[in-house]
Amino acid sequence: MNIKTIEALNAIEKRVNSIDLKLQDENSMNDIKLLTELNKERSSLQDIFDRYIEYKKIKNDYDEASYILKNEKDNEMKQLAKSEIQDLENKLELVEKEIELLLLPKDPNDDKNVVFEIRGAAGGDEANIFAGDLFRLYTRYAEKNNWKIEVLEESESTAGGFSQISFMLKGNNVYSKMKYESGSHRVQRIPKTESKGRIQTSTATVAVLPEISELEIDIKLADLRIDTYRASGAGGQHINTTDSAVRITHVPTGIVASSQDGRSQHDNKDKAMTMLRARVYEAELEKKQEQEASQRKQAVGTGARSEKIRTYNYPQNRITDHRINLTLSKLDYVMEGNLDEIIDGLIKNNQKELIAQHLNDEN
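Analysis parameters
Residues numbered from 1 in each chain as written. Predicted model: local features only at pLDDT ≥ 70, side-chain atom pairs only at ≥ 80, totals over all residues. Heavy atoms only, no water. Axes fitted to C-alpha atoms, helices over the stretch in contact; angles between N-to-C directions. Helix = DSSP H or I, 4+ residues; strand = E, 2+ residues; numbered from the N terminus. Parallel < 35°, antiparallel > 145°, perpendicular 65-115°, else oblique. Left-handed = near helix turned anticlockwise from the far one by under 90°. Contact = heavy atoms within 4.5 Å. Nonpolar A, V, L, I, M, F, W, Y, C, P; charged D, E, K, R; others polar. Buried < 20%, exposed > 50% of the residue type's maximum accessible area, 1.4 Å probe, protein only. Pairing = 2+ DSSP bridges. Phe/Tyr/Trp six-rings, centres within 6.5 Å; stacked < 30°, edge-to-face > 60°. Lys NZ or Arg CZ within 6 Å of the ring centre and 35° of its normal. pLDDT = per-residue confidence, 0-100. Expected span 1.5 Å × (residues − 1).

**Considerations on the packing of helix H1 (residues 3-24) against helix H3 (residues 32-71)**
Each packed pair of helices is defined by two parameters, the angle between the axes and the distance between the axes.
Okay, step 1: Look at H1 against H3: their axes get within 9 Å of each other, and the N-to-C directions meet at 135°. On the basis of their axis angle, the class for H1 and H3 is oblique. When the axes of H1 and H3 are compared, the crossing they make is left-handed. Only Leu35, Leu38, Asn39, Glu41, Arg42, Leu45, Ile48, Phe49, Tyr52, Ile53, Tyr55 and Lys56 of H3 make contact with H1, whose side of the interface consists of Ile6, Leu9, Asn10, Ile12, Glu13, Arg15, Val16, Asn17, Ile19, Asp20, Lys22 and Leu23.
Okay, step 2: A class-by-class count of the residues in the contact of H1 with H3 yields 14 nonpolar, three polar and seven charged.

**Structural notes on the pairing of strand E4 (residues 183-189)**
Okay, step 1: Extensive coverage of E4 is indicated by the burial of six of its seven residues.
Okay, step 2: For E4 and strand E5 (residues 200-210), the ladder comprises seven bridges, and the chain directions are antiparallel. When the bridges of E5 are listed, Gly183 appears paired with Val206.

**Brief notes about the packing of aromatic side chains**
Okay, step 1: In this structure the tally under the stated criterion is seven aromatic pairs.
Okay, step 2: Summarising the aromatic geometry, the rings of Tyr141 and Trp147 are spaced 5.7 Å apart at their centres and angled 80° between planes, so their arrangement reads as edge-to-face.
Okay, step 3: Classification of Trp147 by relative accessible area gives buried; the value is 8%.
Okay, step 4: For the cation-ring pair, Arg189 lies above Tyr314, with the distance from its terminal atom to the ring centre recorded as 4.8 Å.

**A short note on the sheet that holds strand E2 (residues 148-156)**
Okay, step 1: Read from one edge of the open sheet, eight strands run E2-E3-E1-E5-E4-E9-E10-E11, paired in mixed fashion. Strands with a single pairing partner mark the edges of an open sheet, and in this sheet they are E2 and strand E11 (326-328). Adjacent strand axes in the sheet meet at a mean angle of 15° when their direction is disregarded.
Okay, step 2: Examined bridge by bridge, E4 and strand E9 (residues 308-313) share five bridges and lie parallel to one another. Residue pairing for E9: Gln188 is matched across the bridge by Asn313.
Okay, step 3: Packing against the sheet, helix H5 (residues 125-144) makes contact with strand E1 (114-120), E2, strand E3 (162-170), E4, E5 and E9, and its axis sits at approximately 45° to E5.

**Here we look at the confidence of the model for the chain**
Okay, step 1: Looking at the chain, the pLDDT average stands at 85 and 89% of residues meet or exceed 70.
Okay, step 2: Taken together, the stretch residues 294-302 has pLDDT below 50 and engages in 19 contacts with residues farther than four places along the chain or on a different chain.

**A look at H5**
Okay, step 1: Across its 20 residues, H5 extends 29 Å between first and last C-alpha, which sits within 8% of the 28 Å expected from 1.5 Å per residue.
Okay, step 2: Where H5 terminates, the next one or two residues include Asn146, which has phi positive at roughly 60°.

Spelled out as structure tokens, the structure:
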């Protein structure tokens, strides 16, 4: 382990010890806000602190065994020390890798809920049907993770599926897993409407946006135009007699969000604002990243809607993630919400890229 890493770990250990002392102080115990902040910080450092304590113990045992091997004259003791050193080297390697990952910069959005947007793109009715299939896939995956699903906005297609659907996934660390789904998803299959049995290629786009609170982005009421209208169903038919649907336009950017699936106008306004904040945040982030292109190096793909990330080949029961060259011959299994193998591969690949960048920055 290099000197910079040891220095960083020593600083973390020092900070944890300092927090522990403050938590025992009477003044801290009487200050609920401070107590909450200290406990939150202590919790965020717990994993890396535990691994460092473990590392120091293993390193100490390793140094003792190395000393015995070098200075002990008894052959049996030397053999035992040699065997112990080999075991300790393996343990050191494992804990160093864990520490390496824990020290990587965290995505501040990883523990947030997400706003999902799926749109049928190229391919007409078949693209919309595929958008519906993706919604079902993510719904099943959310259920397996005990996440809550809330539809924010939907436009059903007359042929089935959706021309567009927006929904929220709420739960633990949702964004940390689902952020890799942003991009263009391509499907290859024979559409139900195809009489000659020809395979068609269609696409649907996915955007995964972190839920943004009012405190995180400043959207002035004066910059909003709020319109109400009568909610309608598939094909445009009206489904109620009151103007409960809400459309909100952020005038400075032209970004629009609308909702008609809520129980009331107030509910629809809240849903539309949730989407609007996420979309404005995304637009500001993209602008910033264009100005600071180097910040994009650590990402697995750009997350842009136009970027082709995955192909779903139904005739061959095959799914391929192009970013990590991963192909699985079990598309039917994945479409039932079993995404973990792909997502775990994307997370590991991203970690490798972050480690490589981290090492490059050190050199």
